[in-house]
Amino acid sequence: MRTLDEARAAAAAQWGGEGLPKWRTAFLTIAGEEPTAIVPVCHDPEHEEADGSVYDCCPEPAIEVESAELAEYLVALLNTDAPGDAA
């Protein structure tokens, strides 16, 4: 099993070696009132980070976790490794 540092470096390499993306919660299904998926933040200047929609311009992967609480938790965990302000 990889150490956390090794896993972090491997994940960053998948993003072109420029660090890890910032993540956000999103809607992939119309199953509820809260977003139950996670996706990297889109860099399109017209796409607000707080927008729970996923568009063609949004980077992959989009991952359905089927729980709003789990989605929020995973975003918080993943953003601790993101560059800049993680909050």
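Below you will find a few notes about this structure. (Residues numbered from 1 in each chain as written. Predicted model: local features only at pLDDT ≥ 70, side-chain atom pairs only at ≥ 80, totals over all residues. Heavy atoms only, no water.)

**A word on the overall build of the protein**
In terms of regular secondary structure, the protein is built from two helices and three strands. The order of α-helices and β-strands along the protein, N terminus first, is α-β-β-β-α. Here the C-alpha radius of gyration of the protein, 13 Å, is about what a compact globule of 87 residues would show, namely 12 Å. Projected onto its principal axes, the C-alpha coordinates of the protein cover approximately 35 × 30 × 20 Å. Across the 87 residues of the protein, 26% fall into the buried class. Carbon and sulfur atoms make up 54% of the accessible area of the protein, which totals about 6000 Å². Counting 4 positive and 18 negative side-chain charges, the protein places the averaged centre of each group 9 Å from the other. (Helix = DSSP H or I, 4+ residues; strand = E, 2+ residues; numbered from the N terminus. Rg over C-alpha atoms; globule rule 2.2 N^0.38 Å. Buried < 20%, exposed > 50% of the residue type's maximum accessible area, 1.4 Å probe, protein only. Areas by Shrake-Rupley, 256 points an atom, 1.4 Å probe, with all protein chains shown as cover. Lys, Arg positive; Asp, Glu negative; His and termini not counted. Charge placed at Lys NZ, Arg CZ, Asp CG, Glu CD.)

**Observations regarding the sheet that holds strand E3 (residues 63-64)**
By way of backbone hydrogen bonds, the strands of a sheet pair with one another, either parallel or antiparallel. Strand order in the open sheet formed by three strands is E1-E2-E3, with antiparallel pairing between adjacent strands. At either end of the open sheet lies a strand with only one pairing partner, and these are strand E1 (23-26) and E3. Where E1 meets strand E2 (residues 37-40), four bridges bridge the pair, whose relative direction is antiparallel. Looking across to E2, one finds that arginine 24 is bridged to valine 39. Running over the sheet, helix H2 (residues 68-79) touches E1 and E2 and is turned about 170° from E1. (Pairing = 2+ DSSP bridges. Contact = heavy atoms within 4.5 Å. Axes fitted to C-alpha atoms, helices over the stretch in contact; angles between N-to-C directions.)

**Concerning a negative patch on the surface**
Where like charges cluster on the molecular surface, the negative patch consists of Glu33, Glu34, Glu69 and Glu72. Here glutamate 34 is to be found in the loop between E1 and E2. In this structure glutamate 34 comes out as partly exposed when scored by relative accessible area, which is 43%. (Patch = residues over 30% accessible without salt bridge, like charges linked within 9 Å, V, L, I, M, F, W, Y side chains within 5 Å. Salt bridge = Lys/Arg side-chain N within 4 Å of Asp/Glu carboxyl O.)

**A short note on the nonpolar core**
Counting residues in each nonpolar core, the largest one holds five residues, listed as Trp23, Ile38, Val65, Ala71 and Val75. Those residues in contact with isoleucine 38 that sit more than four places away from it in its chain are Trp23, Arg24, Pro61, Ala62, Ile63, Ala71, Leu74, Val75 and Leu78. (Core = buried A, V, L, I, M, F, W, Y, C linked by side-chain atoms within 4.5 Å.)

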